[in-house]
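Notes for the structure review
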Amino acid sequence: GARLLQEGRVSIVSFTLGASVISLPLLTSSFTEQTLLAAAPGRIALVFFIAALNGLLLLLYKAQLYQVAIRASFLGFAFGCGLLLSITQSPWKPFGWYVCSLSFFHYSEYLVTAMNNPRSLSIDSFLLNHSLEYTLAALSSWVEFTIETTIYPDLKQITWLSVIGLIMVLFGEVLRKCAMLTAGSNFNHIVQNEKSDSHTLVTSGVYSWFRHPSYVGWFYWSIGTQVLLCNPLCLVGYTLASWRFFSERIEEEEFSLIHFFGENYLEYKKKVPTGLPFIKGVKMEP
């Protein structure tokens, strides 16, 4: 227990250290917010910052704690760079919002797991190695944004649309974390096929709105990132892929939940929707 609490604290310190990259423009008066990430002096400063940060983490932490620290600091560094990018007036401004959203999502998955269900905490709780499909989806959105920014930068300047996407991302993030916190030790990143002694059916809070609020949150967070980026191709692709993934995931999970809780879950299923459009969950024979 103490070791897991220590890992949570190490992650907070490391994320904060990584995010301190936002102080570089303040420390170096020759930088402007536009040139920090683009001009040669800015890139050199970033290289020195990364090297110094990694050296500090190597001095402070060993073995498992270093593995936690390096991931958390990387996400903090990405969050800080996203903030710097988001205060520019370039076509890449929405990408800064996106980087902040993406890095905070992955870090908060680890932190909330550390607070909520430390027994299931591991390096995988950052979800950085979620799946090959997830990685390819992220890469495709970056490629689309880069190509469209180069060819048609005005497409990325639809501020009202990016703001709607950011609102969707924030809604999804808050809903998912509320679901994780409400479920407590019942929440796990891996679908459970065997019922543990502490496993209870949670129907209160956000679970009284939707049967699968964490999936609803992730669904709208995922789609919101592409609305934020004004990525028309990936918006369609993400919507279809996310819908299919959660449709299959919910069906798999509900088989286990019916096995665990029987009639109690069936009654809950009748009263509360999944929360996702056109997804009813596992079908029961009459």
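Definitions and limits used
- Residues numbered from 1 in each chain as written.
- Predicted model: local features only at pLDDT ≥ 70, side-chain atom pairs only at ≥ 80, totals over all residues.
- Heavy atoms only, no water.
- Helix = DSSP H or I, 4+ residues; strand = E, 2+ residues; numbered from the N terminus.
- Rg over C-alpha atoms; globule rule 2.2 N^0.38 Å.
- Buried < 20%, exposed > 50% of the residue type's maximum accessible area, 1.4 Å probe, protein only.
- Lys, Arg positive; Asp, Glu negative; His and termini not counted.
- Charge placed at Lys NZ, Arg CZ, Asp CG, Glu CD.
- UniProt positions renumbered as here; feature names shortened; annotations may be inferred.
- Phe/Tyr/Trp six-rings, centres within 6.5 Å; stacked < 30°, edge-to-face > 60°.
- Salt bridge = Lys/Arg side-chain N within 4 Å of Asp/Glu carboxyl O.

So, about the overall build of the chain. Along the backbone of the chain there are 10 helices and zero strands. The order of α-helices and β-strands along the chain, N terminus first, is α-α-α-α-α-α-α-α-α-α. For the chain, whose C-alpha radius of gyration is 21 Å, the value lies close to the compact-globule estimate of 19 Å for 286 residues. Counting all 286 residues of the chain, 48% fall into the buried class. Placing the 19 positive and 19 negative side-chain charges of the chain at their respective mean positions leaves the two points 5 Å apart.

Under the present numbering, the feature "transmembrane region" (unreviewed entry) in UniProt falls on residues 12-32, 44-61, 68-89, 158-175 and 218-241. The annotated region residues 44-61 carries 94% helix and 0% strand content, and the separation between its end C-alpha atoms amounts to 26 Å. What you have in residues 68-89 is 86% helix and 0% strand, and the ends, taken at the C-alpha atoms, are 34 Å apart.

The subject of this paragraph is the packing of aromatic side chains. On inspection of all chains with the given rule, the structure shows 21 aromatic pairs. Ring centres 4.1 Å apart and planes at 5° place the aromatic pair Tyr110 and Phe126 in the stacked group. Of this pair, Tyr110 sits in helix 5 (residues 93-116) while Phe126 sits in the loop between helix 5 and helix 6 (132-151), placing them 16 residues apart in sequence. Note on accessibility: Tyr110 and Phe126 belong to one class, buried. For the ring pair Phe171 and Tyr220, a centre distance of 6.4 Å and an interplane angle of 65° mean the geometry is edge-to-face.

This brings us to the pattern of salt bridges. Throughout the structure, instances matching the rule amount to seven salt bridges. Notably, a salt bridge pairs Lys177 with Glu109, separated by 2.7 Å at the nearest N-O pair. Of this pair, Lys177 sits in helix 7 (residues 159-183) while Glu109 sits in helix 5, and the two are 68 residues apart along the sequence. Glu109 gets classed as buried once you look at its relative accessible area, which sits at 0%. Close ionic contact of Glu173 with Lys177 constitutes a salt bridge, the shortest N to O distance being 2.7 Å. Highlighted residues: Glu173 and Lys177, both in helix 7, separated by four residues, approximately one helical turn. The pair formed by Glu173 and Lys177 is uniform in burial state, with each residue classed as buried. One connected set of salt bridges, linked through shared partners, spans Glu109, Glu173, Arg176 and Lys177.

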